[in-house]
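# Structure at a glance
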Amino acid sequence: MSHDTPHVIVEQRGHILHVALNRPDKKNALTHAMYTALADALARVESEPGLRLTFITGTADCFTSGNDMMDFMQNPPTGTDSPVSRFLEGLRSASKPIVAAVNGPAVGVGTTLLLHCDLAYAGRGARFQMPFVSLGLCPEAGSSLLLPLMLGHRKAAQLLMLAETFGADEACEYGFVNAVFDDADYQQKAWEKAELLAAMPPASVRLAKAQMKATFPQLKDVMASEGAAFMARLKSPEAMEAMGAFMQKRKPDFSRFS
Ligand code: COA
């Protein structure tokens, strides 16, 4: 069955599958259809021997504003076969490398998906944020495990609980991205790194990735429990208030909650 959407452009370039988010009028907010296309692209790279690597980009000045709040409110994901769950599991279980190039907003999963990339590069204009708690939700994509490991509890709390926005240099310092380039050529520079990696001995690359990933055997269970909690939170009155406020372009009011 075809799951084509114009909002994700998938193009094979040599041994690399380039997956480009392409919904600029909504800041590349991710709908269920887009998650399906992303999950299918990851599955394709896994299954095709000629493909060695996934290269994920947004549009030139926007990576993604994260989950499409309208789509998620109207049609909340309910299980492990939902498109978002399939995508996150595809990221976690990928045996072949994933390289990302990020500029402009990288919100929510736009930041946390980088935790699963093997290489990531940012343009100077990149702005990162994980506003799960401020939206009445909870951390996802393994971030509740991986961020405290990367940064310690307090810095992770600053990013996950206060949902502070940070720029490209901080993202590099924290370890979300490998390097920061000018906005004009960050994607080309990232592409050059992807090509270098795709030219390496592929079985050896996969083994190195598997060895590094074996360090976090608990990640699968953590992501499953985060996913269940996230889906439950989507129906919570706090999340309804937060996401409703965003759609209505007003400030959320959490004063009535205990
Ligand atoms: N879901 C649904 N629609 C979204 C969206 C999202 N996550 N992010 C942006 N949009 C829509 C806006 O509603 C707006 O639509 P409109 O033109 O019909 O009014 C359009 O995309 C442009 O967004 P806008 O907010 O005007 O752009 P901006 O440049 O001022 O700000 C962001 C960009 C990404 C900082 C801002 O849109 C934002 O904070 N988005 C929400 C991010 C978020 O909380 N994601 C959920 C994570 S779980």
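Right above here is the structure, for reference.
Here is a short report on the structure shown in this document.

## Examining the overall build of the protein chain
- Secondary structure assignment for the protein chain yields eleven helices and nine strands.
- Here the C-alpha radius of gyration of the protein chain, 17 Å, is about what a compact globule of 258 residues would show, namely 18 Å.
- Each principal axis of the C-alpha distribution contributes one length, and for the protein chain these read about 60 × 40 × 40 Å.
- Burial status across the protein chain gives 51% buried among its 258 residues.
- Within the protein chain, the 27 negative side-chain charges are centred at a point lying 2 Å from the centre of the 25 positive side-chain charges.

## So, the site of the ligand
- With respect to spatial proximity, 14 residues lie near the ligand, and among them Lys26, Ser65, Asn67, Met69 and Lys249 are the closest.
- In the model, a nitrogen atom of the ligand is placed 2.9 Å from a nitrogen or oxygen of the asparagine 67 main chain.
- The side chain of lysine 249 places a nitrogen or oxygen atom 2.8 Å from an oxygen atom of the ligand.

## A short note on unusual backbone geometry
- With a phi angle near 55 degrees, asparagine 28 is a residue other than glycine that sits in the positive phi range.
- Of note, alanine 163 is a non-glycine position whose phi angle comes to about 60 degrees, a positive value.
- Among the secondary structure elements, alanine 163 is positioned in the loop between helix 6 (153-160) and strand 8 (166-167).

## Re the pairing of strand 4 (residues 98-102)
- The buried count for strand 4 comes to five of five residues, which makes it a mostly enclosed element.
- Here strand 4 shows no split at all, with Ile98, Ala100 and Val102 on one side and Val99 and Ala101 on the other all buried.
- Bridge analysis of strand 3 (residues 53-57) against strand 4 gives four bridges, and the strand direction is parallel. Looking at the pairing, phenylalanine 55 lines up with valine 99 of strand 4.
- Relative to strand 6 (residues 119-123), strand 4 runs parallel, the two sharing four bridges. Paired with alanine 100 across the strands is alanine 120, a residue of strand 6.

## Some points on the nonpolar core
- Among the nonpolar cores identified, the biggest contains 63 residues, and Phe87, Leu114, Phe128 and Phe176 are the most heavily contacted of them.
- In terms of residue count, the dominant contributor to this core is helix 1 (residues 32-47) (eight residues).
- Residues within four places of leucine 114 in sequence aside, it is in contact with Ala100, Val102, Ala120, Phe128, Phe176 and Val177.
- Ile16, Ala179, Ala190 and Trp191 belong to the second-largest nonpolar core, a separate cluster that totals 16 residues.

## Side note on empty space enclosed by the protein
- Tallied over the full model, the rule gives one cavity of 30 Å³ or more.
- A volume near 50 Å³ is recorded for the largest cavity.
- Looking at the largest cavity, the residues that line it are Arg52, Leu53, Lys96, Pro97, Leu197, Ala198, Met200, Pro202, Val205 and Arg206.
- For the lining of the largest cavity, the elements supplying multiple residues, two or more each, are helix 8 (186-198) and helix 9 (202-213).
- Of the residues forming the lining of the largest cavity, the biggest block, three residues, is contributed by helix 9.

## Focus: the sheet that holds strand 6
- Read from one edge of the open sheet, six strands run 1-2-3-4-6-9, paired in mixed fashion. This sheet does not close on itself; its edge strands, each paired only once, are strand 1 (8-13) and strand 9 (179-181). Between one strand axis and the next, the sheet turns by 20 degrees as a mean value, whatever way the strands run.
- Both strand 1 and strand 2 (residues 16-21) contribute to a ladder of six bridges, which runs antiparallel.

## Focus: the pairing of strand 3
- With five of five residues buried, strand 3 lies mostly within the body of the structure.
- Across the two faces of strand 3 the burial is the same, with Leu53, Phe55 and Thr57 and Thr54 and Ile56 all buried.
- Looking at chain direction, strand 2 and strand 3 are connected through five bridges and run parallel. Counted as the bridge partner of leucine 17 is threonine 54 from strand 3.
- For the crossover that starts at strand 2, traverses helix 1 and ends in the parallel strand 3, the hand is right-handed.

Rules used in this analysis
As a convention, each chain's residues are numbered from 1 in the sequence order in which they are written. Two thresholds apply to this predicted model, a pLDDT of at least 70 for residue-level local features and 80 or more for giving and counting side-chain atom pairs, whereas whole-chain, interface and lining totals are computed over all residues. In computing side-chain values, all of the structure's heavy atoms are included and hydrogens and water are not. Segments assigned H or I by DSSP are reported as helices when at least four residues long, segments assigned E as strands when at least two residues long, and all are numbered from the N terminus. Within these notes, the globule rule equals 2.2 Å times the number of residues to the 0.38 power, and the radius of gyration is based on C-alpha atoms. Burial classes follow relative accessibility: with a 1.4 Å probe on protein chains only, a residue under 20% of its type's maximum area counts as buried, one over 50% as exposed, and anything between as partly exposed. Working convention for charge: Lys and Arg count positive, Asp and Glu count negative, and His plus the chain ends are omitted. Think of each charge as sitting on NZ of Lys, CZ of Arg, CG of Asp or CD of Glu. For this description, a residue counts as near a given molecule or strand if any of its non-hydrogen atoms is within 4 Å of it. Here a polar contact is taken to be a pair of N or O atoms separated by no more than 3.5 Å, where protein atoms must pair a possible hydrogen donor with a possible acceptor and residues adjacent in sequence count only if both atoms sit in side chains. In this description, strands pair whenever DSSP reports at least two bridges between them. Working definition of a nonpolar core: buried Ala, Val, Leu, Ile, Met, Phe, Trp, Tyr and Cys residues. They are joined through side-chain atoms within 4.5 Å. Contacts were defined at the residue level, with two residues in contact if any of their heavy atoms lie within 4.5 Å. Think of a 1 Å grid over just the protein atoms. A cavity is a set of points where a 1.4 Å probe fits yet cannot get out, a pocket is an open set with protein on both sides within 12 Å along at least five of seven lines, and lining residues have an atom within 4 Å of a point. Grid points are joined across faces, edges and corners, and a volume is the space filled by probe spheres set on the points. Angles here are taken between N-to-C directions and fall from 0 to 180 degrees, while the axes themselves are lines fitted to C-alpha atoms, restricted in helices to the stretch in contact. A right-handed crossover is one whose linking path, passing over the helix from the first strand to the second, runs clockwise when the strands point away from the viewer.

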